[in-house]
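Descriptive analysis of the structure
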Amino acid sequence: MNGNETIGRFAPTPSGFMHVGNILCAVIAYLSAKSKGGKFVVRIEDLDPLRCPRTAARDIIETLEFLGLKSDAPIVYQSERTKAYAAAFQTLCKVSQIYPCYCSRAELHGADVIRLPDGGILYPGTCKTLTETQRAQKVRNIKPAYRIAVPDERIIYDDMLFGRREQDLAKDCGDFIIKRSDGLYAYQLAVTVDDGEYGITEVVRGADLLHDTPRQIYLQRLLGLPQPEYLHIPLVLHSSGRKLSKSAGDSAARLLKHRSASEIIGAIGFAAGLTHEIRPMTLNGLIKYYSADRLPHDNILLPPELC
Ligand code: GLU
């Protein structure tokens, strides 16, 4: 893959059924990359094998293939990438402050914590200043998670849709987990390593991850990885206005049973604001209508044809 080429990706977590919101994201990721003559790759984010059975991954890949969203490179499975994450973890230990955190969920969600926009909490730094003796006592009973200490630094980036975004790492995010207490590497670390190693130049994903992006940019800088461009897609809602869920009722596979690929692609193009009417379209046909400027800034209400 040459240096100036656009490489977009779709990176689903196979922890349940794929819903139409996920498909819309995949289609936009595909169109955005292809409209620039680039490549589209699929990565399965099955970091947590207990939550992500291989059958669910297979289901996602089949759905994508049915719609013509074929990966231009072999599909990457995060469950097979532990060595790469371990190497990045070691690098981070050398270039920044990583410390074990023994706090339980209950301790973290106590009464006086500061809640973050993504539902998480601002880590109060409890374990940051533990002495070696205190750590030695705790480690006997508790397996720690590992946090990276963040500086009081403002991360600024331009989202292709949401425009200029800013986050103060210390105030709006706090020291965050890069390795979980069950031994698995955390999403923030894995996604950063994979986007970097596979040369991803643009990241298209749901706006629920807007708040996570500065953490990933921070890790990219520490690991010497390039910063991709970002396009966050607004929340996609069922035609009734409710949120979509990963349960069988909203499963994309259910839709695939009674609609053709071109009917679905055409309706997605309409829902995403690219076309003015719903008519069957191929992905190739939709490329010429694609422009990030046409995407909606508010929640996307699915037409009944996609529900
Ligand atoms: N795996 C995440 C999800 O399915 C997306 C992560 C990303 O695109 O960075 O929600």
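Please refer to the structure placed before this passage.
All values derive from a computational prediction rather than experimental measurement. (Residues numbered from 1 in each chain as written. Predicted model: local features only at pLDDT ≥ 70, side-chain atom pairs only at ≥ 80, totals over all residues. Heavy atoms only, no water.)

So, about the packing of aromatic side chains. Within this structure, the stated rule accounts for five aromatic pairs. Note on Tyr-30 and Phe-40: the rings are 5.3 Å apart at their centroids and 70 degrees apart in plane angle, and the pair reads as edge-to-face. Of this pair, Tyr-30 sits in helix α1 (residues 20–34) while Phe-40 sits in strand β2 (residues 39–44), and the two are ten residues apart along the sequence. Judged by its relative accessible area of 10%, Tyr-30 falls in the buried class. Put simply, the rings of Tyr-85, Phe-89, Tyr-146 and Tyr-185 touch in pairs and so form one group of aromatic residues. (Phe/Tyr/Trp six-rings, centres within 6.5 Å; stacked < 30°, edge-to-face > 60°. Helix = DSSP H or I, 4+ residues; strand = E, 2+ residues; numbered from the N terminus. Buried < 20%, exposed > 50% of the residue type's maximum accessible area, 1.4 Å probe, protein only.)

Attention now moves to the pairing of strand β11 (residues 202–206). With five of five residues buried, β11 lies mostly within the body of the structure. Relative to strand β12 (residues 229–233), β11 is paired through five bridges, and the arrangement is parallel. Paired with Arg-205 across the bridge in β12 is His-232. In terms of handedness, the path from β11 via helix α8 (residues 213–223) over to β12 forms a crossover that is right-handed. (Pairing = 2+ DSSP bridges. Right-handed = clockwise from strand over helix to strand, strands pointing away.)

Moving on to the pattern of salt bridges. On inspection of all chains with the given rule, the structure shows 23 salt bridges. Close ionic contact of Arg-81 with Glu-197 constitutes a salt bridge, the shortest N to O distance being 3.1 Å. Of this pair, Arg-81 sits in the loop between β3 (76–77) and α3 (82–95) while Glu-197 sits in helix α7 (residues 187–197), and the two are 116 residues apart along the sequence. The class for Glu-197 is partly exposed, based on a relative accessible area of 49%. Here Lys-171 ties to Asp-168 by a salt bridge, and the two come within 3.4 Å at their closest N and O atoms. The exposure class assigned to Lys-171 is exposed, which follows from its relative accessible area of 53%. You can call Asp-168 buried: its relative accessible area is 7%. (Salt bridge = Lys/Arg side-chain N within 4 Å of Asp/Glu carboxyl O.)

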